[in-house]
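Chains, contacts and geometry: an overview
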Amino acid sequence: MSSTIVPPVSTRIDTQALTRIGKGTPMGDFMRQYWIPAILSSELVADREPVRLMLLGEKLIAFRDSNGKAAVMDERCPHRGVSLFMGRVEDGGIRCVYHGWKFLADGTCVDMPSVPEQQQCKHLVKARAYPTRECGGVIWAYLGDRAEPPSMPLIEAAMLPAQEVNVYCLQRECNYLQMAESDLDTSHFGFLHLGCLEPDDFPPDNPLRFAAENRAPEFASSEMPWGTSYGAHRAASDGQRYWRVANFLFPFWTQTPQGDFSDHIDARAFVPMDDHHTMMFHFSWARKSRPLVVEDNNGKPLPGLKNNNELLPNTTDWFGRWRPIANPSNDWLIDRDMQRNGVTFSGLDNIRTQDQAAVESMGPIVDHALEHLVPSDQMVGKTRRRMVKALQRFVEQKVSPPGVDDPEVFAAARSGFFVADAQVDWPDVYHDRARSLQHPAAETSTSPA
Ligand code: FES
Ligand SMILES: [Fe+2]
């Protein structure tokens, strides 16, 4: 006699569950509550060919119709499943090349030329299209189920007008969470990026010298309405402390200290293409443009601190857009001589490639059970716990994820560095500094003509 043991269905949410984003998974449904950056505005030209777009594990196409309206819809034609990537974008919609059916950006079927007049049934067919918005140089999509999508998240850098914000994309071959966590792991900075540099390699006014002076800073971190926040702090001169502040914002955003607190705003979205590929959207605004290299006292570029990287030409493949030339298949072009001779710590000459190599080398999805997190990883641990709690409430109590129905919580989050009186402790030091900040739009509107 044989018996079948049916394993109990597990409803337990653990940190590894945060990494699975397919439709129907807890985290996949959680993410679909939010507006999501989908594709750069500049990638879609009215009445030009569609783009293959992989988003949250779904195969989609994106195009811009004759009126400039951006469309994001299921790749499959609702008639017999032919790919609409092959479609003709014309006269305000897209026409499938198999039987010529035509759909508007919202999925409405407006032409069925293969069907005799008396058998027309356009009103019964709709392509699965998602609502879109355009903001900050990016087309956003809402992949959730609400008939009326929520408001856009009020993330400072991402809500700027397109002409004021700098935005670019970069694809990486790994899970979104390990990419986002790299931004929350400030203790790698003194090694991966600055490991072979000494404080005096930097000009006296460059605060990176503090990071080279003390490579094991102290941390404070806390839960915030938008997610989590940390301040890494080190002694500076004259009874002051040097703070570097960063944030995690639900569901996949980070803000890193890329400049002075009052002089730049910054946000990165780590948008899952699928469980193993992520598209980063980096939005930034700075009072003065940020150099692509960091220079020493004599104006010479410091090794390993370039802040750009070369990309392959975009292709039409599902994973063909915004891919660096340095990638796992060529060991990120690591230069062992450079590493051995102490020119750079990593053997990689570029900050972006250094971060990329670190997170991709973990594999497509890092196994949390094999990690050994220590106090300097507190932001990683705290953020995972905050995410698990929010996900558990969403799954069990149907509570909306943070910021979905109260998008203004994101507006108060800003990253950056500053020097403050050593007596002021975390998080007061953050709130004190944040109170004096002005949004760039406010500055523009109050500045003299
Ligand atoms: S499969 Fe698209 S019109 Fe028939
Ligand atoms: Fe880094």
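Since this is a predicted model, take the numbers as computed values, not measurements.

Along the chain, Ser 229 turns up in strand E14 (residues 227-235). For Ser 229, a count of 26 C-beta atoms within 10 Å translates into the label buried. Taking the C-alpha atoms as reference points, Ser 229 and Arg 336, separated by 107 residues in sequence, lie 36 Å from one another.

Where burial is concerned, most of helix H6 (residues 351-360) is hidden: 8 out of the 10 residues are buried. Among all positions in H6, only Ile 351, Thr 353, Gln 354, Asp 355, Gln 356, Ala 357, Val 359 and Glu 360 are buried. Contact partners of the buried residues in H6: strand E12 (166-172), helix H2 (176-184) and helix H3 (189-193).

Attention shifts here to H2. Among the 9 residues that make up H2, 9 are buried, leaving the element largely enclosed by the rest of the structure. Those residues of H2 that sit buried are Tyr 176, Leu 177, Gln 178, Met 179, Ala 180, Glu 181, Ser 182, Asp 183 and Leu 184.

This paragraph deals with the packing of H2 against H6. The relative placement of two packed helices comes down to the angle between their axes together with the axis-to-axis distance. Put simply, H2 and H6 touch, their axes get as near as 10 Å, and they point 130° apart. Considered as vectors, H2 and H6 are oriented oblique to each other. Considering the relative orientation of H2 and H6, their crossing is right-handed. Residues Gln 178, Met 179 and Ser 182 of H2 form the contact with H6, whose own contacting residues are Asp 355, Ala 358 and Val 359.

The subject of this paragraph is the domain arrangement of the protein. Domain boundaries in the protein define domain 1 (35-142) and domain 2 (157-439). Here the C-alpha centroids of domain 1 and domain 2 sit 35 Å apart. Each partner contributes to the interface: domain 1 provides 14 residues, whereas domain 2 provides 19 residues. Broken down by secondary-structure element, the contributors of at least two residues to the side of domain 1 that touches domain 2 are strand E1 (35-40) and strand E2 (51-55).

Moving on: the sheet that holds E1. Read across the sheet, 3 strands follow the order E1-E11-E10 without closing on themselves; strand pairing throughout is antiparallel. Sheet topology places E1 and strand E10 (132-135) at the edges, where each strand pairs with a single neighbour. Between one strand axis and the next, the sheet turns through 35° on average, direction left out of account. Sheet analysis places E10 next to strand E11 (residues 138-142), joined by 4 bridges and oriented antiparallel. Pairing of Thr 132 across the sheet is with Ala 141, part of E11.

About the thresholds
- Residues numbered from 1 in each chain as written.
- Chains lettered and ligands numbered in written order.
- Predicted model: local features only at pLDDT ≥ 70, side-chain atom pairs only at ≥ 80, totals over all residues.
- Helix = DSSP H or I, 4+ residues; strand = E, 2+ residues; numbered from the N terminus.
- Buried ≥ 20, exposed ≤ 12 C-beta atoms within 10 Å, placed from the backbone.
- Contact = placed C-beta atoms within 7 Å.
- Axes fitted to C-alpha atoms, helices over the stretch in contact; angles between N-to-C directions.
- Parallel < 35°, antiparallel > 145°, perpendicular 65-115°, else oblique.
- Left-handed = near helix turned anticlockwise from the far one by under 90°.
- Domains from an automatic or database assignment.
- Pairing = 2+ DSSP bridges.

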